[in-house]
Amino acid sequence: MTAIALPYRAALRLRPATVVSVLVVAVLVVALIAPGLLTTRDPNAIDLQSTLLSPSWSHWFGTDDAGRDLYTRVVYGTRESFGIGLGATALAMVIAIVLGFVAGLARGFVDTVLSRILDVAFAFPVLLLALLLIAIRGPSLGTVIVAVGIGSAPGYARMVRGQVLHVRQAGYIQASHALGHTRWAVIRQHLFPNAMRPLVAMMTLGIGQSIVWASGLAFLGLGVAPPSPEWGALLDAGRAAITTSPWLEILPGLVIVVATLALTSLGRTLQHRLEGAAR
Amino acid sequence: MTTAVLPRALSVPSWVRTARGALLKIATAAIVLVAAASITFFAQLLVPGDRATAILNQQTGRAQQYTTAELAPVNAQFGFDRPLISQYLDYVTGLFRGDLGTSYTQHRPVTEIIGDQIGPSLVLTAAALVTAWVLAVGITLLTVKRRRAVSALGSTWEALTASLPPYWIGVVLLVVFAVQLRIFPVIGETSARGTVLPVLTLAIPLAGFLGQVTRDEFEKVLDQPFITTARTRGMSDTAVRLRHALRHSVVPAITLSGWALGALLSGAVIAENVFGRPGIGQVLVTAVNTRDVPTVSGIVLVVAGVYVIANLVVDLAYTVVDPRLRAS
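Within any chain, residue numbers begin from 1 and follow the written order of that chain's sequence. Lettering for chains starts from A, numbering for ligands starts from 1, and both go in the order in which the items are written. Local features in this predicted model are restricted to residues whose pLDDT is 70 or higher, and side-chain atom pairs enter the listing and the counts only when it is 80 or higher, whereas totals over whole chains, interfaces and linings include all residues. To get the side-chain values, take all heavy atoms of the structure and skip hydrogens and water.

Caption draft 1: Highlighting the interface of chain A and chain B. Listed as interface residues are 33 residues of chain A and, on the opposing side, 42 residues of chain B. Taking both partners together, chain A and chain B bury about 3400 Å²; carbon and sulfur atoms supply 81% of that area. Whenever Lys or Arg places a side-chain nitrogen within 4 Å of a carboxyl oxygen from Asp or Glu, that contact is recorded as a salt bridge. If you look at where chain A meets chain B, you find 0 salt bridges. Starting at the N terminus, helices and strands are each numbered in turn, a helix being any DSSP run of H or I of at least four residues and a strand any DSSP run of E of at least two. Going through the elements one at a time, helix 4 (108-122), helix 5 (126-137), helix 9 (199-219) and helix 11 (247-278) of chain A are the ones with two or more residues in the side of chain A that touches chain B. Nonpolar residues are Ala, Val, Leu, Ile, Met, Phe, Trp, Tyr, Cys and Pro. Charged residues are Asp, Glu, Lys and Arg, and all others, Gly as well, are polar. Classifying every residue of the side of chain A that touches chain B gives 24 nonpolar, 6 polar and 3 charged. In what follows, a contact means two residues having at least one pair of non-hydrogen atoms within 4.5 Å. When two parts are brought into contact, each loses some accessible area as probed by a 1.4 Å sphere; the total of that loss over both is the buried area.

Printed below as a string of structure tokens:
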């Protein structure tokens, strides 16, 4: 993507928050690709001699009721949590791009109908729409991804539509029409790439948000089920011991918060940069 | 919104246009509600397998096939034996009579189930909305356009709290104030003392969000000429903030209150779950677990309805309050 080619001076003006976010995301990517680099333990190794230990030097996040090292489980859970986040965001984006482009390009009647459909979809909060789908299909990894993806699609669809309407007014679009390019060629070569510009930023924001939704569902016991080290499932598993071993609940939650904050902050920075580059 | 093409003198009186606009908005809201109801109706058809079999299995706790004779009374009770179109029309017209169908597991009207449990949830939601507003306005008034460190503190706090997931805030509040400090009860009660922590769980992230919106607007307003005028008249900083800037800066956040009500009701599902507090959220989670689709759809539809009506009210109140919107 050309989006990465930032102006040299802009690259130098890095805020501390951005640096921290990049570092956090880098650690997450390592946990995603090679969790073995961040921990030497096995996420499923049961040790009944050391159950429910509070955080210490040997167990940074403490241990759970089966003596499994919580830090190791969080590291290995990254893959599943991000898998859900990526899957749900990708699904939402596909729906959003199709709806947004059709509405933005067709305008008129088709646009009105699609926009009204989006208004209706907006009346359903993401969590409740997800719960309705889970009630119908039963809780599973696939249902969670589909539920969160469909739930968050309308917001993105509205953004894509706005972007298409904005870009099609640009001078270079009119110029290429005037030069005699076919409608399809203009859409493919100019409109599509330019309207897609903010998408990298939107996806970064979307992944963080999807992880929060999915872990919320798991927390309610309606998402990914406990033996899995998915972050929400860890929260669900820790609930029984909340009064005696609160770290089982607070630390995985903190990881979700930090990961989401880093992704959100990075997404916002990208958004500002790309807006600047588009001018 | 349409712009008046006719010159003022020839156009219809303004109150007629206002009334017409209001009627149009009410009609649109009604259409959105019917469309939302259609979605929940057709969603029920997506239940895998035969619904009557699923209901019987749910009742008996078994997973087996039944004979047509065994399924017949269930099909008749829920109307599955009737043509789809008449089921659909029944469902939609039923909504206007306050009928949301019958629960698969409790075998009583969904409206009754919701009616029994919605009280504590409404108290929680309303209290959270008020608390969020007080927090947001208070923090904005105190920190916006002050010394750099103070302003930065305010906006960092907002950015941080706005992105906290409700289940995590709930857990932290529970552990700190109920388990460790023992100020509030651990097990959810609907008493005032038991309501404090759930309310804060919902109010803190919402306050962060409303605060961000209000702060942006506040900063813009403080740069406006009429603020400078007020200052040159010798008005104190506090008076300028309270009497002039505040009124303008809360407008965009008020628009979001309709949306916030929907968000709070869905957040209440999680807050009630964390604190074991009775309410519609608990009913919803149980219903999702037992695959009681009519109850789930009913609750989802009620929340969607609250969202649509709240937005309609905000929208209508606006045209009355803000003359700039009436003109266009």
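Caption draft 2: Seen up close, the UniProt feature "domain: ABC transmembrane type-1" (unreviewed entry) in chain A. UniProt positions are given in the numbering used here, feature names are shortened, and annotations may be inferred rather than shown by experiment. Residues annotated in UniProt with the feature "domain: ABC transmembrane type-1" (unreviewed entry) correspond here to residues 78-267 of chain A. Secondary structure content for residues 78-267 of chain A is 81% helix and 0% strand, and the end C-alpha separation is 19 Å.

Caption draft 3: Inspection of the side chain of T39 of chain A at higher detail. With respect to the helices and strands, T39 of chain A occurs in the loop between helix 2 (16-33) and helix 3 (70-106). The definition of a polar contact used here is a pair of N or O atoms within 3.5 Å, where within protein one atom must be able to donate a hydrogen and the other to accept one, and adjacent residues in sequence count solely through side-chain atom pairs. Side-chain polar atoms of T39 of chain A contact the backbone nitrogen of R41 of chain A, separated by 3.2 Å.

Caption draft 4: Here's a closer look at the UniProt feature "transmembrane region" (unreviewed entry) in chain B. All names here are of chain B. The feature "transmembrane region" (unreviewed entry), as annotated in UniProt, sits at residues 22-47, 122-144, 165-184, 196-214, 250-271 and 299-321 in this numbering. Structurally, residues 196-214 is divided into 100% helix and 0% strand, and its ends, taken at the C-alpha atoms, are 25 Å apart. For residues 250-271, the end-to-end C-alpha separation is 27 Å, with 95% helix and 0% strand making up the annotated structure.

Caption draft 5: Looking closely at the side chain of T269 of chain A. Residues and elements named next belong to chain A. Looking at the secondary structure, you find T269 in helix 11. At 2.7 Å, the side chain of T269 and the backbone oxygen of S265 are in polar contact. Setting aside residues up to four positions removed in sequence, T269 forms contacts with R15 and T18.

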